[in-house]
Amino acid sequence: MVKTIPTVVVLLALLGSPTGKADQKDHVAAMRSVIQAQLHAFARNDAVKAYAQASPEIRSIFPTTEHFMTMVRQDYSALIAPAIVSFLGVIDDSGRPVFQVLVEGRDGRRWMAFYTMVQLNDASWRIGGCVLAKLSEESA
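Residues numbered from 1 in each chain as written. Predicted model: local features only at pLDDT ≥ 70, side-chain atom pairs only at ≥ 80, totals over all residues. Heavy atoms only, no water.

**Student:** I'd love a proper account of the sheet that holds strand β4 (residues 125-134), names of residues and values included.
**Tutor:** Spatial ordering of the open sheet is given by β1-β2-β3-β4, a layout of four strands whose pairing is antiparallel. In this open sheet, the two edge strands, each paired with only one partner strand, are β1 (84-93) and β4. Geometrically, the sheet is characterised by an average inter-axis angle of 25° between neighbouring strands, direction not taken into account. By the bridge criterion, seven bridges tie strand β2 (residues 96-104) to strand β3 (residues 110-119) in an arrangement that is antiparallel. Within β3, the position partnered with valine 98 by the bridge is threonine 116. (Pairing = 2+ DSSP bridges. Helix = DSSP H or I, 4+ residues; strand = E, 2+ residues; numbered from the N terminus. Axes fitted to C-alpha atoms, helices over the stretch in contact; angles between N-to-C directions.)

Right, here's the structure in full:
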């Protein structure tokens, strides 16, 4: 049986916002938008758009769109055109927001994707990394 990790609200201090829940929701929506943009780009094989959602640190490790997409195809194929994507919320990981996303591939396999998000100096969000964890099959 799949156990869901409890969703914890990201601390306002983490997001740099003393203004309240509305601003926090804006940050969460912005992070989600970045992840969605990358997933849509993967599905359309739009390497430039997918690469643009990655943080400068990720782009320094994979200096071209070709290197980036090769890594994605080899290690993150579950993120390319999944059948189902469910955004579960943001948790705090040592002061960094991590968006939990449940992904189901067209083959029926389920994965939890943990997207570490990075806020840039211009206040925009980018993906700083992603860890995929395969979920065990549920028993009927």
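Here the narrative resumes.
**Student:** Describe in detail the pattern of salt bridges, supporting the description with residues and values.
**Tutor:** Applying the stated criterion across every chain, the model contains two salt bridges. Across the salt bridge formed by arginine 44 and aspartate 46, the nearest N and O atoms sit 3.7 Å from each other. Classification of aspartate 46 by relative accessible area gives partly exposed; the value is 26%. Two residues, arginine 109 and aspartate 107, come together in a salt bridge whose shortest N-O distance is 3.8 Å. Residue class for aspartate 107 comes out exposed when judged on its relative accessible area of 53%. (Salt bridge = Lys/Arg side-chain N within 4 Å of Asp/Glu carboxyl O. Buried < 20%, exposed > 50% of the residue type's maximum accessible area, 1.4 Å probe, protein only.)

**Student:** Summarise helix α5 (residues 65-75); cite the residues concerned and give the values.
**Tutor:** Taken residue by residue, α5 has Thr65, Phe68, Met69, Met71 and Val72 as its buried positions. All buried residues of α5 project into a common sector of 155° when viewed along the axis, lining one side. With respect to the buried face of α5, the exposed residues turned more than 90 degrees away are Glu66, Gln74 and Asp75. (Arc of directions from axis to C-beta.)

**Student:** Can you lay out the pairing of β4 for me, pointing to particular residues and giving the numbers?
**Tutor:** In terms of strand pairing, β3 meets β4 through nine bridges, oriented antiparallel. Opposite threonine 116, over in β4, you have glycine 129 as the bridge partner. Linking two consecutive strands that pair antiparallel, namely β3 and β4, is a turn of five residues; a positive phi of about 75° is found at alanine 123 within it.

**Student:** Got a sec to walk through the nonpolar core? Specific residues and values, please.
**Tutor:** In this structure, Ile35, Phe68 and Tyr115 are the most contacted members of the largest nonpolar core, which totals 27 residues. In terms of residue count, the dominant contributor to this core is helix α2 (residues 21-43) (six residues). Ignoring sequence-local partners within four residues, the contact set of phenylalanine 68 consists of Gln38, Phe42, Ala50, Tyr51, Ala54, Ile58 and Phe62. By size, the runner-up hydrophobic cluster in this structure holds six residues, among which are Ile91, Val98, Phe114 and Leu135. (Core = buried A, V, L, I, M, F, W, Y, C linked by side-chain atoms within 4.5 Å. Contact = heavy atoms within 4.5 Å.)

**Student:** So what's going on with the pairing of β2? Residues and values would help.
**Tutor:** For β2, the buried fraction is high: seven of the nine residues fall into the buried class. As defined by bridge partners, β1 adjoins β2 across nine bridges and the pair is classed as antiparallel. By the bridge assignment, isoleucine 91 is partnered in β2 with valine 98. In textbook terms, the turn of a hairpin is the stretch between consecutive antiparallel strands, and for β1 and β2 this stretch comprises two residues, one of which, serine 94, has a positive phi near 55°. Linking β2 back to β3 in an antiparallel pair, the connection comprises five residues, with glycine 108 at a positive phi of about 90°.

**Student:** Which residues make up the environment of leucine 79, and what are the values?
**Tutor:** Turning to its location among the elements, leucine 79 is positioned in the loop between α5 and β1. For leucine 79, a relative accessible area of 3% gives the class buried. Beyond its immediate chain neighbours, meaning those up to four positions away, leucine 79 contacts Leu39, Phe42, Val103, Ala113, Tyr115, Cys130 and Leu132.

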